[in-house]
Structures are given as structure tokens and as C-alpha cells.
Amino acid sequence: MVKDTKPKLAVYKFSSCDGCQLSILDLEDELLALTGAVEIAFFLEARRKVQPGPYDIGLVEGSISTPEEAERIVQVRKECKYLVTIGACATSGGIQALKNWADVEEYKRIVYASPKYIQTLDTASPVAAYVLVDFELRGCPVNKYQLVEVITAFVAGRRPQIPTYPVCLECKREGNVCVMVTDGAPCLGPITQAGCGAICPSFGRSCYACFGPSESSAAEMLCNHCEKTGTDKPTIVRMLRSFNGYLEPFKQVGDEYERQTVKNH
Amino acid sequence: MITAVAERPCMVCGDGSPMEPAWARIVAFHQESSNTASYSLQFVDPEKRKQYQFLPGQFNMVYLFGVGEAAISISSDPTCCDTLVHTIRHVGSVTFAMNKLKEGQCVGLRGPFGSHWPLESCRGRDILLVAGGIGIAPLRPAIYQLLKNRDQYGRVILLYGVRSPQDMIFKEEVEEWQERRDFQVLITVDYPSEEWTGPVGVVTKLLRRVRLDSQRTSVFVCGPRVMNRAAAHSFLSHYVPEDQIYVSLERNMRCGIGQCGHCQYGPKFVCKDGPIFSYASVRNLFGKDEV
Amino acid sequence: MKNRVLYTIDKRELDKLIGILVRDGFKVVGPTIRDGAITYEEIESTRQLPVGWTDEQEAGKYRLKRRDDDNLFGYVVGPHSLKKFLFPPKQRLFGIKKSGEDGFVFEARQPEPPRYAFLGVRACDLAAVDVQDRVFKQAMSDPYYAKARNEAIFIAVNCPEPGGTCFCASMGTGPRCSTGFDIALTELKTTFTAEVGSTRGQELIEALEHETTDANTSHLVDLMMDIASEHMGRSLDTNDLPSILLENLQHHHWSDVAKRCMSCANCTFACPTCFCSNIEDQTDLTGEHAERWRTWGSCFTLEFSYHTGGYSRSSPAARYRQWLTHKLASWHEQFGVSGCVGCGRCITWCPVGIDITKEATVIADDYRQSRSRQESASLEEVGS
């Protein structure tokens, strides 16, 4: 294949921990194939050399948390033909979105010596809240095989095969024993999108919902059940508000449980 | 001989398992409309080419390297199985990718699968074919058979509904059929062009233009869900017997052999019990939501 | 009841049996303790069996408990069934490579199965294999399934102590193994009685130290199994059930269940007869290689009912209805048997404890009662 005809790939960072970008570098075996299939034109974490846009495919990591980011994402959208968000931050606001339930001014006062230098938005939001996104890849961090699948599908011109069903399907295909049934552990697997390969339940630990809500995510049913079997309301709120707490239906159910908690006190 | 084979023909596939495709080459290509094309295919392996037979209304699983597989009906003459034709509208990811293929390239095929239009048992009866859009493709093999054995049937009528005159497929052939005195062909469009002088509206409206002898008529229906539903119900209201209304249904068929479960429709596997069902056999399910 | 010939073998002979099977090239699969449950895994000795353990099962709940004896098979079925061996959860069906301008060559094909010997499997497990045979061993058979299943040896165990979610007696599949086994054992204090179901089973018994079971012991086994039938944790009235369910597709109870059901698909994967799968075609980044994979699929996922133009079953209520009516009703029309063998796995392993016997009974009872009300009303009319 002639080098020039390869699609140009750009990788952008917004408010994030860089973990999802590292998943690209972590590809190891597939990295050579990746550079064979696409031209890595803009990827500051990996190389200083930058090719000018426009780009065929843009991968965006991180949430939109500052006024500068809110402007920059619009530029990014303009220079990318196909825009993919990678990871929980870019797709749901991520851990930072916890501030959406808090007083940001108060946080600034507590954390920073000179809060006046801090420019931040009141909310940390998913990229899709600002611009049109062509595909959202879930996970904290993303699964590298899913990342390869998204890029492969783009190169082949087909839809990425990323399941939206719950973790339980992956978990039981692995032959795992259900931790909810044997331990009574409140596991978020039934309401969380598959993709991680059921890592936590494979080690006897409940699912934390790194991949966010699944299709028709039954957060309400699961939380009702957990409450009935002894999990208290504040714990349920904390369970839902982690990596993807700002995505529905986690947000709505979490808010409802918080309201009930406040009422009870 | 009405049909090439009396029994359901054997499936042709790869040599390892029923889920492996056999390779077939695109030997000819014909653009039917802006989004629809016909592909003539020949199995690469001469043995498989010889072995392959199908009945009107049956379908193949068409595999595109690296993209996936889709169930597509066969639109050619069942007496010439050496070359078979798939007429494909480019809508899904597989069919869309098909658009990029050129003559000489290969696709994978498994098939044929499914039930067929009951040409044998309908001998001596009037045959009314109702096609909507791409739905004419699985009816075309039946039309070839009916015309070839024209003396064995009563009246043969085709009601064909398309979105606009430009969306009509098999255009030249349809015009030839219209010339015939022993085949009544009526066409209606949803959106007429300036030159269009024919009927406008849904295909069931054409029924008014046909003299229907309901007790001696068998109806073959193939079109979008809404059309199938409307057509079946209007024939029922015209007293065509339930077991003489045949409808080709569509579901997501993945394996073709009743093992993956995707195409279940109540107790039916659309891939092997269908896709063609008599209304009587699906009466309890037909038109119901969420089954 | 047919006249059963039983042999008595000492419990210690079981290790000899495993040794023979391993020597003959079989992978011996049996119950063993893993992650707080009794699962089916490859074993090499009776020491790996859950000796002296039992399980307590309820809807959505499973706990291991010590027994007060050292029985080898003093429990019922766990989260696994034979399905994971005969119909693997993830399997590559083929791999192909581009070759030349427009040709393709097969690089990999569906693998060959190992020869399995299933030890300690139950009557419901055997019944489930018979049910799956009707899916995968038809005219168009799955080569892996057919070969694995045909070559497998089944050393089954009868269930004298049914579990909390068992209802095989209602489904007519247990607790005593009636067919589909090479040997069916019943565990007594220091011995097993063994019923032979095939020539292979007879050969294996011949290789062990055995004697014909005396009439008293044989009678004791019959008695144990009769008592077991009457002590099922659950029951289901299957009278007219298929037609009742199919006539009640609009019953409000389907949406009541959907208020609890998470559509998580655990029931379908725990079920030993559920056979649905996803077919996935993949490529690598070079675009030179492609593979087809088959993975367990479930009618509880939205994607499962996808077709051009939408989803056939978009609501969780419709998906639960599909699963339950398929299992207990439409399976009969498809395969001539019920899709449910009464093993109770879907009840135990539902994370929120939805109980198929209860949900089906709510609808069936409602219908039966309203019908009997109508009947008595019309009788009164006739009488007056």
C-alpha cells in the first residue's frame, strides 16, 4: 500500500489520566499492524512529530472540564472526519464528573493556594455534550482489543462489533461462578456493558462498572435488589457514582437513592 | 418439470462445517437502480457448481471477507443453477460492502436455505404475486417457473409496488412481462415522476383493478413488513383462504440451519421453517408486536 | 418399572474407574469445588470431588455446607452443565487468509473435540444433552458437538437428596437416571450400586471388582429414589402448560416480571439446554486474515432481535416472555420435548432470584381458575 493513501490517525488528550492513550502504546503485538494500517499523524504522547490535519480518524481521551477544552473540542471535531471518544472520561465525564454533584468553588478554595488562577467549568462532561461523536468506546481504561476493533472496522469500512450487552455474558462464558449468588455481593455486572472480559468477577470481586451502563441497563432493579439484601442507600449511591456515574440510568437512580438518603436523615 | 428438484436441495458450503462458506466468483454485475444491483455468481469449485440447486424463494448466506454474512434471496431461474443471481439493495454493512466488489472477485456462499413458494401444490390455480420494492427478487424465480409452465396454471398476475419509477428493478424484464398476454402485470408507485401515467399509491390499492376469484387463487406476498401485513389482511377480507396466502418474512438470520436461534418467530425458525409461510401457519403471530 | 440389573462396587473402585478412563485417553470431567460452588472441571482423582460437602440452593442464593458424612456426591447440580464442554462458550469456526488477487484459503477450521468422560452428572444433565441433541445433531449437525457427544462416556449419579430449586420430577427427567448413561451410580454408605446403560458401561463394570446387587439393596435404591421424587424443592404443574402460556402472551404478569428482571442473561447461560449463539466475523488490522467465532448468545440481549429496521423484542418484558414461552411451550413444537429439564439452575443463578416455576404458575393458575369459573358458570346455566 502506498504510504500516502493510509488513513491519518490523530489522538487527543483532554481532562484525563492518559490511561487510555497508554492502551494504544500497550498494543505491542498489534502496534506494528496499526502503523501499517494507519498513519499516526498526531499523537503527542507517543511522538513529537506532528503532521497537519485534517485527519481521517480522531481518538479523543478525556472529559471537557475547562473553558479552553470546550473551545478546543470544537476545533478537533472540525479537523476529524470520524471522531471516536475513548474511555470513561470522554464518554461519560469520568471520575472528574463527581464534581458535577459538588460545589466547584468550594473545591477550588480547599485544594488550591490561589484559586483565582484556576479556570474550570462547573461540570466535567462527556465529549458528546459538546460535539457530534461518531463512536463512543467505553472503559476505564478502554480494552485494547476493542480499540483495535474500532480502528480495524474504520479501515475496513464497516460497523465496529462492540457488544452493548451486560458483563454477565462475558463472565459466564468464562465459566465464572456468580459472586452475587454465592456471596450476596452487590455486583454491577448485570447492569454494566461488557468489554473488559469480566476481569473483576474472574478474581472473585464484584464488578465496578468501568464500562458504564449496558443497553437497557436495569440499574433500578439491581439497586432495589441490593437494598433488599442488605446494602445501605449511601453505599448504593457510591456504587453507581464512580467512573460512569454521570451516564443514565446510573445518574438518575443514584440521584434518587441520594434523595432518599437525605430524607431519611 | 415445475421445479428443478422435488425435495429441498442439499446445502452447499465449505468442506469443514456447515458454517464454512464455499467460494463463488462474481461473473457478471448489473446495476438495477441507484441502490440496488444484481450479481451473477458461480461456485469456484466445479463440483459444488454441479451440486448446487435451489427452489424459488430460497436464500443463501452471502459472506464478504472480513465484513460478515447476510441472508439474501436468490433471484435467478432455478433451472439454471450453474450461475445464480443475488439482487442486493445496499442497506446493511454486508450489502453496503458488496457495492465495492467488482467482477472476478469472490464472495462466500452457503445455501440454499429455507422454504420455497409452493408452485407444485398451487398447480391449476390462479397465482397472484404481490411484490414491494426489493421483494420482487425472491419472487422472480417463481415467475420464471410460472411462465415456463404457463399452461399448468390459471391466471397469473403480478402486483408490483415501488417507491418511485426510478426505483423499479428488473425494469426491462418487467416491461417484457407486461407485453405478454398471459401475464397481467400492474405497477404502482408512491412518488410518481412527471412521465408516470400509471397508478399511484400502496400496492394493495391495485387489487381493485384485478378480477379476483378468491376461492381459486393462491397469493404469494413479499415486501416490507407493513406491506405484508396490509396485503395479507386485504386478501383475507377478499375471502382468499388462509392456507392459500403465502408470505415471505424477514428476520435476522445468522446461521441458516436453525441453531443460532436469532430468527425465532414464536415456535418457527424463519431460516428453516420459513422464510415463506402460509398465513394459516403463522396466524397467531402474524402482525403481533414484540414476539 | 423395567427390571434393572444393578451391580455393587466398593467406593474405592471409583479411582480405578477414573484411571481406566484416563488411560483410554478420556478427559475426565467431574464435580469439584471452585470459587464457592461445585462446578464441572477436569479431574484426575476422587480426591478432587467435593467429598463431604453439600450445597444449599434457593432462588438467587447458593451456599456450600459441610455434610456430616464423607459422601462423594452429596449435593446436586452447580452453575455449570455439560453444555460448556459439548457446545463451548467461545469457539472459532474458521480462519481464512487472502491468497492471490481474489482467492481465499482456510488457515484454521473448527477444532476437534477431546474425548470426554463425564463423571457424577445427574439425570437432568443427561436429559439436557438429549434436548441439545435435537438442536445440534439433526440433519445439519454441528460437527464439534456431534463428535464430542457421540464419543463421550456418561458415568451418571442418581440424586437421592434433591436440592432447594430442583423440580426434575415435575419435568419427568429425574431424579433417577433412566436413559442416556453408560453407568448410573447410586451412592450408599460404603458402596455404589451401578446400573449399566450401554455395552461400554458393561465393559467398564467388568474391569472393576463388582458383584450383583442383592434384592434388598436394590429395593432400597428404588425406595430412595421414590422418596427423592417426593422431596423436590420446587414443582411445576405442566398440564396443558404449553397451550396456556401461548394463549396468554398478553398477560399482565409478563410486565410484572420485567420490573424485577435485569435482562442479564444469566438464566440462559446457566440453562443446560439454551442453545442460542452469536456469529461474529472478524478481521485483523492488515485486512488479510478473517475469522468466524461463535459465542453463546442470549435472547435477553437487545442486539439478539436486531433486524433491518429495528428490534423484534425491544422491551425486557418481551424478552422474558420469549425465553419462558420458548422453554416451556414452543420448544415442544420445535423439538418434540420441553426445553426445561427441571434442573433449577435458572432459579438459583438468577442474581435477583426470579423463579421460572413461580412465574409460569402465576399465569397458568390465573388461566386455570378463570376457566374453571367459566365452566362452573356454564354448568349452573345448564342446571337451571
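Predicted model, so just to flag it, every value in this text is computed and none were measured.

How each quantity is defined
Each chain carries its own residue numbering, running from 1 in the written order of its sequence. Throughout, the order in which chains and ligands are written sets their labels, letters from A for the former and numbers from 1 for the latter. Owing to the predicted nature of the model, reporting of local features is limited to residues with pLDDT of at least 70; listing and counting of side-chain atom pairs is limited to 80 or more, with chain, interface and lining totals taken over all residues. Secondary structure elements are defined from DSSP: runs of H or I of at least 4 residues count as helices, runs of E of at least 2 residues count as strands, and each element is numbered from the N terminus. The atom set for the radius of gyration is the C-alpha atoms, and the globule formula is 2.2 Å times the number of residues raised to the power 0.38. Partly exposed residues are those whose C-beta has more than 12 but fewer than 20 other C-beta atoms within 10 Å; with 20 or more the residue is buried, with 12 or fewer it is exposed, and the C-beta atoms are placed from the backbone. What counts as a contact is two residues whose backbone-derived C-beta atoms lie within 7 Å of each other. Residue ranges labeled as domains rest on an automatic or database domain assignment. Under the scheme applied here, ten amino acids are nonpolar (Ala, Val, Leu, Ile, Met, Phe, Trp, Tyr, Cys and Pro), four are charged (Asp, Glu, Lys and Arg), and all others, including Gly, are polar. Each residue carries a pLDDT value, the predictor's own confidence for that position, ranging from 0 to 100. Pairing between strands is defined by DSSP: at least two bridges between them are needed. In this usage, the nonpolar core is the set of buried Ala, Val, Leu, Ile, Met, Phe, Trp, Tyr and Cys residues whose C-beta atoms join them within 7 Å. To obtain an axis, a line is fitted to C-alpha atoms, over the contacting stretch when the element is a helix, and the angle between two such axes runs from 0 to 180 degrees between their N-to-C directions.

Participant: Let's hear about the overall build of chain C: which residues, and what values?
Facilitator: Tallying secondary structure elements over chain C gives 13 helices and 16 strands in all. A compact globule built from 384 residues would reach a C-alpha radius of gyration of about 21 Å, and chain C, at 23 Å, matches this within 12%. Dimensions along the principal axes, computed over C-alpha positions, put chain C at roughly 85 × 65 × 40 Å. Expressed as a percentage of its 384 residues, the buried residues of chain C come to 50%. Across chain C, the fraction of contacts at a sequence separation of at least 24, relative to all contacts at a separation of at least 6, is 70%.

Participant: If you had to explain the overall build of chain A to someone new, which residues and values would you point to?
Facilitator: Summing up its helical and strand segments, chain A has 12 helices and 5 strands in all. Considering chain A as a whole, with its 265 residues, one finds that 49% of them fall into the buried category. Across chain A, the fraction of contacts at a sequence separation of at least 24, relative to all contacts at a separation of at least 6, is 72%.

Participant: An account of the domain arrangement of chain C is requested, with residue identities and associated values reported.
Facilitator: How big an interface is tends to be stated in terms of accessible area lost as the parts join. All names here are of chain C. Here the domain parsing of chain C yields domain 1 (6-229) and domain 2 (241-373). Centre-to-centre, using C-alpha coordinates, domain 1 lies 25 Å away from domain 2. Facing the 37 residues of domain 1 at the interface are 32 residues of domain 2. Elements represented by at least two residues in the side of domain 1 that touches domain 2 include exactly strand S5 (61-66), strand S6 (90-99), helix H3 (123-136) and helix H5 (168-171). Tallying contributions element by element places S6 first for the side of domain 1 that touches domain 2, with 9 residues. The residue makeup of the side of domain 1 that touches domain 2, split by class, is 19 nonpolar, 10 polar and 8 charged.

Participant: Break down the interface of chain A and chain C for me, with residues and values.
Facilitator: Listed by partner, the interface residues are 35 residues for chain A and 37 residues for chain C. Class assignment of the residues belonging to the side of chain A that touches chain C gives a composition of 21 nonpolar, 9 polar and 5 charged.

Participant: A description of the domain arrangement of chain A should follow, citing residues and the corresponding values.
Facilitator: Residues and elements named next belong to chain A. Once the domains are mapped, chain A shows domain 1 (3-156) and domain 2 (167-264). Measuring from the centre of the C-alpha atoms in domain 1 to the corresponding centre in domain 2 gives 26 Å. Listed per partner, the contact involves 14 residues of domain 1 and 13 residues of domain 2. Residue contributions to the side of domain 1 that touches domain 2 peak at 3 residues, all from helix H4 (residues 88-92). Looking at the side of domain 1 that touches domain 2 residue by residue, the class counts come to 5 nonpolar, 8 polar and 1 charged.

Participant: Report on the confidence of the model for chain C, specifying residues and quantitative values.
Facilitator: Confidence in the prediction of chain C, expressed as mean pLDDT, is 95, and 98% of residues score 70 or more. ipTM for the predicted complex: 0.94, alongside a pTM of 0.94.

Participant: Could you give me a rundown of the interface of chain C and chain B, with the residues and numbers involved?
Facilitator: Each side of the interface is counted separately: chain C has 37 residues, and chain B has 30 residues. Going through the elements one at a time, S6, strand S7 (103-109), H3, strand S13 (277-283), strand S14 (289-296), strand S15 (306-307) and helix H11 (316-335) of chain C are the ones with two or more residues in the side of chain C that touches chain B. By residue class, the composition of the side of chain C that touches chain B is 16 nonpolar, 13 polar and 8 charged.

Participant: Give me the lowdown on the sheet that holds strand S2 (residues 27-34) of chain C, citing residues and values where you can.
Facilitator: All names here are of chain C. The mixed open sheet is built from 8 strands, whose spatial order is S3-S2-S8-S9-S10-S11-S1-S12. Pairing within the sheet leaves two strands with one partner each, and these edge strands are strand S3 (37-42) and strand S12 (211-212). Bridging between strand S1 (residues 6-10) and S12 involves 2 bridges; their strand directions are antiparallel. From the neighbouring strand, Thr-8 faces S12, where its bridge partner is Glu-211.

Participant: I'd like a description of the nonpolar core, backed by residues and values.
Facilitator: As a rule of thumb, soluble globular proteins bury nonpolar side chains together. With 284 residues, the main nonpolar core has Leu-129, Phe-220 and Val-221 of chain B together with Phe-118 and Ala-156 of chain C as its most contacted residues. Leave out the neighbours within four places in its chain, and Phe-220 of chain B touches Trp-117, Ile-127, Leu-129, Leu-139, Ala-142 and Tyr-246 of chain B.

Participant: Lay out the sheet that holds S7 of chain C in plain terms, naming residues and giving numbers.
Facilitator: Residues and elements named next belong to chain C. Here 4 strands make up an open sheet; going across it, the order is S7-S6-S14-S13 and the pairing antiparallel. The sheet is open, and its two borders are formed by S7 and S13, each paired with just one other strand. Averaged over all pairs of adjacent strands, the angle between their axes in this sheet comes to 20 degrees, without regard to strand direction. In this sheet, S7 lies alongside S6 in antiparallel orientation, the contact comprising 6 bridges. Counted as the bridge partner of Lys-97 is Val-105 from S7.

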